[in-house]
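# Commentary on secondary and tertiary structure
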Amino acid sequence: MEITYDIRYVGVNDHELDLFEGQYEVEHGMAYNSYVILDEKTAVLDSVDARFGDAWLEQVKAALQTRQPDYLIVQHMEPDHSANIAAFMEAFPQAKLVASAKSFTMMKQFFGTDFSDRQVVVKDGDTLSLGKHELTFLAAPMVHWPEVIVTYDACDKVLFSADAFGKFGALDVEEDWACEARRYYVGIVGKFGVQVQNLLKKVSDLDIQTICPLHGPVLKENLSYYIDLYHTWSTYSVESEGVMIAYTSVYGNTKKAALLLAEKLEEKGCPKVVINDLARCDMAEAVEDAFRYGRLVLATTTYNGDVFPFMREFLSELKERNFQNRRIGLIENGSWAPTAVKAMRNMLEGCKNLTFVDTTVKIMSALNEESAAAIDALAEEICAD
Ligand code: FEO
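This next bit is on the overall build of the chain. In terms of regular secondary structure, the chain is built from 12 helices and 21 strands. Taken along its principal axes, the extent of the C-alpha atoms in the chain is 80 × 40 × 35 Å. Of all 385 residues assigned to the chain, the portion counted as buried reaches 55%. Accessible area for the chain stands at about 16400 Å²; split by element, carbon and sulfur atoms hold 48% of it. Taken together, the 36 basic and 59 acidic charged side chains of the chain have centroids lying 4 Å from each other.

This is how it looks when you write it as structure tokens:
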């Protein structure tokens, strides 16, 4: 596949994967992208997951035709991209490796060798000329590993963005970009908003006409749409108006409360209500929703003097991703000593700029007139401007 006259796509689609990075469901598979630049010298950018090594090498050879690669540029050492470095170096014994010093340290850890006689170590701002394609390497630490570099090709105005601007999903499946890019971003990069902001600032002066990420489609049109979303996500800003209700329920009584709240919110004209049963939904989707909407209601059973396990998991997922800048409502259920509101507040302690609404709802076993009225009051407050 031709990206520009001199740049070829040599990535692969993975429809066999059960969980990406050992935890994320990928219903529509995953793409591991790799690129070849053809010039006086030739360069390959990144490899692919271990299971696709042979297919990738065949594609690299086909793109190069009779030529040999001069460089393998390693932007990121996570194994979904780095697994075939050793195979590449064996297949092309004259090729050199271009990477950050930290990447070479990781290579030694992963492969037992850092290819010391074939290294080109680059740091932020360094350049490499392939002929008319002059590549500039920019350090992108913690987007989302410390060794990451991204690469700008001034000739074709292409930013090779490593994991940034990536998404879940193979490239032979048509789907909305934002939905699976957001779930990918929040899950994998979400904690590192400051570092993503640093990278966006670093590339803001570049004339970029194409973004070539390591996952998901090559982006060629309307780039400000994608960049604006990255600004929203990395500053933990509200992307969509609405309320996300996250609940756990053992016998259905807390669920009834969550559904009643959703009904009340809709009656009051709330623009969007999203409801997630944390025991049954995709946790990554629920975490994504919490970061997408500006208002979040947590409803859970008291359990072993704490909160129900799926709520505990959800809250720790939010906290470790620097959850902030949101309005929060709390609902607890318990048959003798409800303590979940206190436990949830404690778990969110340290999250910046959370505003808890005044009304908290206490349910003793099942909804009654009093707790239903409290839900109405909570709906009013969480909805208010
Ligand atoms: Fe796609 Fe961070 O590896």
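The subject of this paragraph is the nonpolar core. By size, the foremost hydrophobic cluster in this structure holds 93 residues, and its most contacted members are Phe20, Phe88, Leu296, Leu298 and Phe314. By residue number, the principal contributor to this core is helix H5 (residues 177-189), which donates 8 residues. Taken together, domain 1 (7-234) and domain 2 (241-383) each give at least three residues to this core, which thus spans both. Dropping the residues within four chain positions of it, leucine 298 is found in contact with Ala246, Met311, Phe314, Leu315, Ile328, Gly329, Leu330, Ile331, Met344 and Leu348. Of all hydrophobic cores here, the second largest spans 23 residues; its members include Val243, Ala258, Leu265 and Ile375.

To continue, consider the side chain of threonine 42. Locating threonine 42 in the fold gives a position in strand E7 (residues 42-45). Discounting chain neighbours no more than four positions away, the residues touching threonine 42 are Ile37, Leu64, Arg67, Gln68, Pro69, Asp70 and Tyr71.

In this section: the sheet that holds strand E1 (residues 7-9). Read across the sheet, 6 strands follow the order E1-E6-E7-E8-E9-E10 without closing on themselves; strand pairing throughout is mixed. Lying at the two open borders of the sheet, with one neighbouring strand each, are E1 and strand E10 (119-121). Taken over all neighbouring pairs, the strand axes of this sheet differ in orientation by 20 degrees on average, direction set aside. Bridge count between strand E6 (residues 35-38) and E7: 4 bridges; the pairing is antiparallel. Its bridge partner lying in E7, isoleucine 37 is registered against alanine 43. The strands that helix H1 (residues 53-64) touches are E1, E6 and E7; relative to E6, the one it contacts most, it runs at about 20 degrees. Strands in contact with helix H4 (residues 101-111) are strand E9 (96-99) and E10; relative to E9, the strand with the most contacts, it is inclined by about 120 degrees.

Moving on to the pairing of strand E20 (residues 326-334). Judged by how many residues are buried, E20 sits mostly within the fold: 9 of 9 residues are covered. Across 7 bridges, strand E18 (residues 293-303) lies against E20 in parallel orientation. Bridge pairing links valine 297 to glycine 329 in E20. Note that E20 and strand E21 (residues 354-364) share 8 bridges and pair parallel. For glutamate 332, the partnering residue across the bridge sits in E21 and is lysine 362.

The next point concerns the packing of aromatic side chains. Scanning all chains against the criterion turns up 21 aromatic pairs. For the ring pair tryptophan 56 and phenylalanine 88, a centre distance of 5.8 Å and an interplane angle of 35 degrees mean the geometry is tilted. Here tryptophan 56 is found in helix H1, whereas its partner phenylalanine 88 is found in helix H3 (residues 85-91), with 32 residues between them in sequence. The same class applies to tryptophan 56 as to phenylalanine 88, namely buried. Judged by centre distance (5.5 Å) and plane angle (35 degrees), the rings of tyrosine 185 and tryptophan 233 are tilted.

Before going further, it helps to examine the layout of surface pockets. Approximately 350 Å³ is the volume found for the largest pocket. Considering the residues around the largest pocket, the lining is formed by 19 residues, among which Thr301, Thr302, Gly334, Ser335 and Trp336 are closest to the centre. Of all elements in the fold, only helix H8 (253-267), E18 and E20 reach the threshold of two or more residues within the lining of the largest pocket. What lines the second largest pocket is a set of 13 residues, among which Leu171, Val173, Glu174, Pro217 and Val218 lie closest to the centre. Its residues assigned to classes, the lining of the second largest pocket shows 8 nonpolar, no polar and 5 charged.

With that settled, the discussion passes to the pattern of salt bridges. What the rule picks out here adds up to 21 salt bridges. As a salt-bridge pair, aspartate 282 and arginine 183 come within 3.1 Å of each other at their nearest N and O atoms. Of this pair, aspartate 282 sits in the loop between strand E17 (273-277) and helix H9 (283-292) while arginine 183 sits in helix H5, placing them 99 residues apart in sequence. In this structure arginine 183 comes out as buried when scored by relative accessible area, which is 3%. Here glutamate 320 makes a salt bridge to arginine 321, at a shortest N to O gap of 3.7 Å. For arginine 321, a relative accessible area of 5% corresponds to the buried category. One salt-bridge network, held together by shared partners, links Asp14, Glu16, Asp49 and Arg51.

What follows deals with the domain arrangement of the chain. Segmenting the chain into domains produces domain 1 (7-234) and domain 2 (241-383). Between domain 1 and domain 2 the total buried area reaches about 910 Å² when both faces are included, carbon and sulfur atoms providing 48% of it. By the criterion of area lost to domain 2, the three top residues of domain 1 are Arg182, Arg183 and Val186, representing 54% of everything that side buries. Seen at the junction of domain 1 and domain 2, the total is 3 salt bridges. Glutamate 285 is the partner of arginine 183 in a salt bridge, and the nearest nitrogen-oxygen pair spans 4.0 Å. Between domain 1 and domain 2 we count 6 residue pairs in polar contact (both at pLDDT 80 or more) in total. Of all the secondary-structure elements, those providing two or more residues to the side of domain 1 that touches domain 2 are strand E4 (24-25) and H5. Here the side of domain 1 that touches domain 2 gets 5 residues from one element, more than from any other, and that element is H5. Classifying every residue of the side of domain 1 that touches domain 2 by side-chain character gives 3 nonpolar, 2 polar and 4 charged.

Rules used in this analysis
Residues numbered from 1 in each chain as written. Predicted model: local features only at pLDDT ≥ 70, side-chain atom pairs only at ≥ 80, totals over all residues. Heavy atoms only, no water. Helix = DSSP H or I, 4+ residues; strand = E, 2+ residues; numbered from the N terminus. Buried < 20%, exposed > 50% of the residue type's maximum accessible area, 1.4 Å probe, protein only. Areas by Shrake-Rupley, 256 points an atom, 1.4 Å probe, with all protein chains shown as cover. Lys, Arg positive; Asp, Glu negative; His and termini not counted. Charge placed at Lys NZ, Arg CZ, Asp CG, Glu CD. Core = buried A, V, L, I, M, F, W, Y, C linked by side-chain atoms within 4.5 Å. Domains from an automatic or database assignment. Contact = heavy atoms within 4.5 Å. Pairing = 2+ DSSP bridges. Axes fitted to C-alpha atoms, helices over the stretch in contact; angles between N-to-C directions. Phe/Tyr/Trp six-rings, centres within 6.5 Å; stacked < 30°, edge-to-face > 60°. 1 Å grid on protein atoms, 1.4 Å probe; cavity = no way out; pocket = protein on both sides within 12 Å on 5 of 7 lines; lining within 4 Å. Points joined across faces, edges and corners; volume = space filled by probe spheres on them. Nonpolar A, V, L, I, M, F, W, Y, C, P; charged D, E, K, R; others polar. Salt bridge = Lys/Arg side-chain N within 4 Å of Asp/Glu carboxyl O. Buried area = accessible area lost by both parts, 1.4 Å probe. Polar contact = N/O pair within 3.5 Å; in protein donor to acceptor, adjacent residues only side chain to side chain.

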